[in-house]
Structure formats: C-alpha cells, structure tokens
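Residue-level structural notes
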Amino acid sequence: MKTLYIEDLEKIRKSAQAALLLREQSASETSEQSCGLACGTSHLQLLCCGGTGCKASNSHKIVENLQKAIEENDIADKVDVVTTGCFGFCEKGPIVKVIPDNTFYTQVTPDDAEEIVKSHIIGGKRVERLLYTDPKTEKHVSDSKHMDFYRKQMRIALRNCGTIDPENIEEYIARDGYMALANALTKQTPEEVIDIIKKAGLRGRGGAGFPTGMKWGFARTYQAEKKYVVCNADEGDPGAFMDRSIMEGDPHSVVEAMMICGYCIGSNNGLIYIRAEYPLAVHRLRVAIKQARELGLLGRNIFGTDFSFDIEIRYGAGAFVCGEETALIHSMEGKRGEPTLKPPFPAESGYMGYPTNVNNVETLANVPIILTKGADWFSSIGTEKSKGTKVFALAGKINNVGLIEVPMGTTLREIIYEIGGGVKGGKKFKAVQTGGPSGGLLTEKHLDTPIDYESLTAAGSMMGSGGMIVMDEDDCMVSVAKFYLEFTCEESCGKCTPCRIGNKRLLEILTRITEGEGTMEDLEMLKTLGETIKDTALCGLGQTSPNPVLSSLNNFYDEYVEHVKKHICRAGQCKALLTYTISPDKCKGCGACKKNCPADAIMGDVRKPHVINPYKCIRCGMCKSRCKFDAIQVY
Amino acid sequence: MAKEIKLACNVIEQVEAICDKHGNQPGELINILHEAQSLHGYLPVEMQRVIANKLGIPAQKVYGVVTFYSFFTMTPKGKHPISVCLGTACYVRGSERLLDEIKRVLNIEVGETTPDGKFSLDCLRCVGACGLAPVVMIGEKVYGRLQISEVRKILDEVSAND
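Since we're looking at a predicted model, the values are computed, not measured. (Residues numbered from 1 in each chain as written. Chains lettered and ligands numbered in written order. Predicted model: local features only at pLDDT ≥ 70, side-chain atom pairs only at ≥ 80, totals over all residues. Heavy atoms only, no water.)

1. Side note on the packing of aromatic side chains
- With the rule as written, the count across this model stands at 19 aromatic pairs over all chains.
- Between A:Tyr228 and A:Tyr354, the ring centres sit 6.1 Å apart and the planes meet at 45°, which makes this aromatic pair tilted. Taken together, the positions of A:Tyr228 in strand β7 (residues 228–233) and A:Tyr354 in the loop between α13 (325–332) and β10 (356–360) put the pair 126 residues apart, joining distant regions of the chain.
- We classify A:Tyr228 as buried; its relative accessible area is 9%.
- Residues A:Phe483 and B:Tyr91 carry aromatic rings whose centres are separated by 4.0 Å and whose planes lie at 15° to one another, so their mutual orientation is stacked. Of this pair, A:Phe483 sits in helix α18 (residues 477–491) while B:Tyr91 sits in helix α5 (residues 88–92), placing the two residues on different chains. The exposure classification of A:Phe483 matches that of B:Tyr91, with both residues buried.
- In this structure, A:Arg244 is placed above the aromatic ring of A:Tyr278, and the distance from its NZ or CZ to the ring centre is 5.7 Å. (Phe/Tyr/Trp six-rings, centres within 6.5 Å; stacked < 30°, edge-to-face > 60°. Helix = DSSP H or I, 4+ residues; strand = E, 2+ residues; numbered from the N terminus. Buried < 20%, exposed > 50% of the residue type's maximum accessible area, 1.4 Å probe, protein only. Lys NZ or Arg CZ within 6 Å of the ring centre and 35° of its normal.)

Written out as structure tokens, the structure is:
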C-alpha cells in the first residue's frame, strides 16, 4: 500500500477547497439577493439532507429529481447536487440548501425539485412557499442564520454535518480533516497530545462526564502486546440521535479521532461498536474506513511514521446495557452484554483482556478540532467545569424538533423557548427530561439553570448522552415514570438483584397507581426502594434507573397523591382512570367524533347531541382531539 | 412458543458456511447470528444448534445470546412486519395509543404474527425520525405523524396491495 505524506494531504486539501470555500463563505456572509444562472451566478450547489430523519421523508428521491431536472435543462456542468448529513432542523425536514445565496428550503417534497431548479437555479427567483416562516413575524426567512433555531447554536462536534458530503473523504480533508492527525504524528509526542486534551477540559459526552485526557493517560500507562481503541456507538437512549447523526454526517471525524487516540495510548487496533439498527450510519462508516484505507490514511506507517492503525466494525444487537463499557466489551467478545465490577477498569483489562480505551462518538468528534484550534480555544467555551459544547436531540412537545448543539452553560429556557420555539400548540410547559431513562425530570423552576454536568446532577437529573424530551400539561408524570421503568425492566440484563427484581417491583407499584389502585404506602415504598436500588445496583444502568421515578416524585408529588387518593389523572393519560362523555349542551352534532372514532363507540344523528357507549370506548382520546366545540369531557 | 420447523438442507449448509467464513470463532457469535438472521429471517432453536456445533460451544450459550439481544428473534416475522416506535419522543406524542389501536385492529399482541402471516407486530426504540413523531414502520416504509383514526385504513391498504 502506498504511503500518504503530509504534503500529499495538503495537495488534496487545496484541490478540494474551492467547493467548500463557497459553502463556508455563504454561511458567514449574509446575502439577501437570491442567485441563479440568469442573474450571472456561474456555479451553484444544492445541499440536500441525507440523514435518517429526512430519508424517511424521501430526501433521496428529492436528490434524484433534482439531478433529473438539472440534466433535462442541460446545466449539469454549472450545478452540483450534494447529499450531506443532518442540518439539525428535523421538524422542517427534508431540507435543501442553495449555495451561494444560502437559501434554506424546508419541508421539500420530491415534486418540488423541478420548481427549485427552474425558478431558483435557472431563474434566480426563490421559491417563496418553501421558505421557513418565522412564527413571530410571520415573514419568510431565507437564510438559516436569521432563524431562532440556529441563532444560539454553536456547532463544534457537528461542524461538518450539513456542510460536507459524508461519503467523500476529500470534502472532509478540505475542512482541515486529518490535519490534526498528521500534526500529532509528525510533530507531537503522545504525552503532548494527551496534555492538550487535558488542558482543553474535554469530558466524556456519553453521560458520566469523565475527563477524556485523563482516561487516555490511564490507558497509556498499561503495557501490553496489544491495546484497543473502542468507539462506543451503541446509542441506546430511546429518542436520542446525536451520535447517529455525527456518524451519518461526519464519519471521518470519528475515524481520525480514534487514530489520534491510538497514537496517544499506544494502540494499533480500533473497534467501533455500533447498533445494527443504524444501517445508514454503518454504511457511512464503512465507506469512510474504506476511503481512508485507499488513501493510505489507515494502514501501516501512516504519514511515513512507524505508527500503524486499522479499524473494524462490530455490531450491537439492541441492548441498552451495552452502553456501559464493561458490558459493551463482553458483547464485542460475542457474549451476553452483562457488565462486570470495576476495577479492573478497561484501561487495564478490557477487550480480550487487553488494555482498552472506550470513548463515545461525540467525545471523539470533538478531538480533531481541539488539536487544530488549540486547548485554549476549547476551554474558553462553556462553564468552569464543563468545557465546550453539547449536542442535544430536542424532541417531544416542542415546536422545533431537531438536533442542536449549544455551549455548556446555556439555560434550558434558551433551549426550549428560543431554539426550540416553545411548547407545541401553545400548551403549558410541564417538564423536560434529560439523560433518558437514567435521567430525571426538570421543571419550571429549573429553566434558568445553566446546563453543565454538575448543575444537572444537582437538579436531580443528569447530562446523559443528550436526549432532551419536552413535556406539556397533557403528559402524566406517573405514566412517564412508568414508561421509563418499562424500558429499564426490559433492558435490565438480570445479573444483579436490585436491578432485576427491584425495578420490576417499582414498575408494579407504578402500574397499580396508574390504575387507581395505589396506596399512600406505595408512594413511600417507591422512594425507599428507589434509593436502595440506586445504592446497591452493579452498573450504571441500575444505579440510575430509579431517577425518573424519584425525580417525578420529588417534583410532582401532588400528581401522585391525586392518582392515589382521588383516582384522578389530570393529564388525561391513565386510561383506567378516565371516562369520556359528551356534553349535550355543547355538542352540535357535527359528527367529527363519530367519524374518527376507531372503535365505533359514538352514536347520534346529525345536528343532534351524540353519546359515547362506555362499553365500546377504548379511551384513545381521538374524539376529544377532533371536537371543535370542546364538547368531550374527560373525568 | 413457535412450532419446531425442520430446516431445509440448504439452509443448514448456508449457516455452516457463515460459521466457516468467521473461522468458527466463538468470539464472532454475534456477527454470525446477524448474518444467519438476515438469511433466514429468524433464528429457530435448530439453527442455534447447528451454530453451536460448528463453534464448539454449548447450545445454551447461543440461546443465551439470542434471547439477550432484542434484535434477534426466534419467531418468523409476518410478510409486513410492523414496528411501532416507542422512543420517548414518539411516546409523548401518543405512540402507545397507536400501538393499542394496531393491537386491537389486528387482534395480536406485541411479538406475535397474524394467523394469515401477513402482519407481525413489534416495538422499537427510536427510528431516528423524531421530527415525524409518532412514527410507525411497516416493512421499510415510514409512516410519520400517524393518527389513530388512520390506522385501519393504512393496514387495509397494505393488505390490499399484496
């Protein structure tokens, strides 16, 4: 295999830079004027999101149709169509961006492709109906820089997502890709690199927040004939998609960071442990590894040094506990993913008994840019103890669902009301869950807490991997706690008793309460049992599993008491406690409820009050959501 | 419990070939199971015995791994496998109610297949299309922002297109 030298890398960077410069410039400048071939623009680029979310809305068809329209109009030499990673604004996806005027088209369908090409690309006239409408001013906004969703964001780990073609290594190199590696290998000692990471203050983004530089330092001290660098891409938090989006949108940053880590700890072997449920991320990583091998970036004697490195992919098979590093290592060895006690830490004895360093995807994605821009730059962002940014998957009852990245220290209020655009449908904010099944519920009073590892833990939740689910007045906190417990019970590996049996008992008590059969003693029991599980479970999964229950008890005790004493679920979620009726005074007999009832439980003649047959009613709430006259009562 | 189904000779051969490809290494068990499942659709006990024999490990080890991971299944899927997303984002936007409705319409529970073999029902945790919540997948197709009142119509359509 050929050797790639630093000069060769520089050459590739220069040759690929032009296309990328255009994208970078149009992102930094503000151009109100739209461009088009008719207005004298010589070259245009169309960036189309190719992440899983947008693909689910047929974004690959949009790309096909764009290309078809471009060919039909014979302008293929003047326009490029690029499939990129996630832009982050999933609520408005699929997204198509036009360079150089930075027009940001939202909710594009394959049928819109022709109009975009004819009107905008050729004619220079924006397709107004596809532009984002600012909910406050109700005006069209063409440039993403002027959207509240993007204004407070700072993209470091996501720096290349939505900018480069993830399946083209040259575009990554054009953005200074593999330069950090080249410099480290040829100009820095492993100790120097570890020092930079330590000084930068980078902490593990998988949840616990352990300092990355220190972790690397430990792994370096153990001597063995083989060592392993493992990338933990087993993103198991339901409703979180940060790591997946990074792997889909910028796989090379993960590959480069693993190599840098290998150089630092003295390892030649990289393993990526990824969920088999992420086919697109797997594909992009495979392509990235293949391209890096072909260029001579992965393999023997990298950049002419005596450092060699290669990466293999290992598949997970759907087990949340495998996010825990000892469980992950067992799973890679082909066994059941059960955790073991630490010490020994993986740094001493990990995969196949060799020293192993495990880092999460987002942590790794931060590494190359820290080396490029320096420790001081990174540590100037964020709070005293939490440096840099954090990526969150913002979802639930929020107007702008999407993938966001904000500096540590940003408040929940800024995230929910500015970036997220507030609660959906003008409903009242009730709680936000961070940290997934291991985290807790934060309420109104926590909204002004600056987000960092310590403050979230102090507030009874945790940073976690970055899931952030917003809930409104229609969400029942007892049901939410039950939902998370169902997940934990399903995912408990069964090895230790507190987690296997304790969580099951918690779930039974919660089920009793949601069915109106709980007692006040049950509430006490939830608390004592929850705390016992936290203190005694073997691994991170068990030790954090009661958090949703304990934090909801803490913050929403009244709601629990209502369920127990009055048999009321004020959010209208606990089916066993609900009866649906139609108020004859309000019902106009429009038939909307009857038409939409999936159980045929509503009877009545047109323009006469309808009635619900309680024996047929499945309490799905469809009628209530369809009634325009507020005639459906739930009690 | 699923009925014991005798494996065809060629399936056994193919599974053995997969084991050989991975050097019959017990450490490769999960990769082998992934390939075997994508070949056959599910992992019946008989197939697990074949794999155990090839790798020289007890069949209970294979069974232990198959039942540990939610991605592996021991029952054949329907022609149109339905997956309801129960990620938190979909949950708070009503996916549990969608699941109840699908169960009611098809008269099956999670993990079961309809008697005619057309539909099987499963849950999964996050498709990754949280912007479209609640999400249901039928085969490869993603149905976003699905309403309870649309469930029957969509299932009828899928069924009619056979």
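2. Section: the interface of chain B and chain A
- The interface is formed by 40 residues belonging to chain B together with 63 residues belonging to chain A.
- Surface buried jointly by chain B and chain A totals about 3800 Å² across both partners, of which 55% is contributed by carbon and sulfur atoms.
- Contact with chain A buries area across many residues of chain B, yet B:Phe68, B:Arg97 and B:Arg125 alone supply 19% of it, more than any other trio.
- On inspection of chain B and its partner chain A, the count reaches five salt bridges.
- In this structure, B:Glu28 engages A:Arg314 in a salt bridge whose closest nitrogen and oxygen atoms are separated by 3.9 Å. (Contact = heavy atoms within 4.5 Å. Buried area = accessible area lost by both parts, 1.4 Å probe. Salt bridge = Lys/Arg side-chain N within 4 Å of Asp/Glu carboxyl O.)

3. Topic: the pairing of strand β13 (residues 429–434) of chain A
Residue and element names in this part refer to chain A.
- Burial of β13 is extensive: six of the six residues sit out of reach of the surface.
- Across five bridges, β13 lies against strand β15 (residues 467–472) in antiparallel orientation. Looking at β15, one finds that Val432 is bridged to Val470.
- Of the pairings in the sheet, the one linking β13 to strand β14 (residues 440–443) comprises four bridges and is antiparallel in character. Among the inter-strand pairings, Ala431 is bridged to a residue of β14, identified as Thr443.
- Connecting β13 to the antiparallel partner β14 that follows it, the hairpin turn spans five residues, and Gly435 within it adopts a positive phi of roughly 80°. (Pairing = 2+ DSSP bridges.)

4. Description of the sheet that holds strand β2 (residues 119–124) of chain B
Residue and element names in this part refer to chain B.
- The sheet built from four strands is open, its strands ordered β2-β1-β3-β4 with mixed pairing. Where the open sheet ends on each side, the last strands, each with one partner, are β2 and β4 (141–143). Sheet twist, expressed as the mean angle between neighbouring strand axes with direction ignored, is 20°.
- In this sheet, β2 lies alongside strand β1 (residues 80–85) in parallel orientation, the contact comprising six bridges. Looking at the pairing, Ile82 lines up with Leu121 of β2. (Axes fitted to C-alpha atoms, helices over the stretch in contact; angles between N-to-C directions.)

5. Describing the nonpolar core
- One finds A:Tyr178 and A:Ile274 to be the most contacted residues of the largest nonpolar core, which totals 131 residues.
- The residues contacting A:Ile274, other than those within four sequence positions of it, are A:Ala233, A:Met247, A:Ala281, A:Val282, A:Leu285, A:Ile313, A:Arg314, A:Tyr315 and A:Gly316.
- Counting residues in hydrophobic clusters, the runner-up holds 70 residues, among them A:Leu507, A:Ile513, B:Val50 and B:Phe72. (Core = buried A, V, L, I, M, F, W, Y, C linked by side-chain atoms within 4.5 Å.)

6. What about the domain arrangement of chain A?
- For chain A, the assigned domains read domain 1 (17–151), domain 2 (177–378), domain 3 (389–472), domain 4 (477–566) and domain 5 (579–634).
- The straight-line distance from the C-alpha centre of domain 3 of chain A to that of domain 5 of chain A is 36 Å. (Domains from an automatic or database assignment.)

7. Here's the deal with the pattern of salt bridges
All names here are of chain A.
- Considering all chains together, one arrives at 49 salt bridges over all chains under this definition.
- For Glu277, the salt bridge is made with Arg275, and the minimal N-O distance between the two is 3.7 Å.
- Between Lys342 and Glu325 there is a salt bridge, and its shortest N-O distance comes to 3.2 Å. Taken as a pair, Lys342 in the loop between α13 and β10 and Glu325 in helix α13 lie far apart in primary sequence, 17 residues in all.
- The exposure class assigned to Lys342 is partly exposed, which follows from its relative accessible area of 30%.

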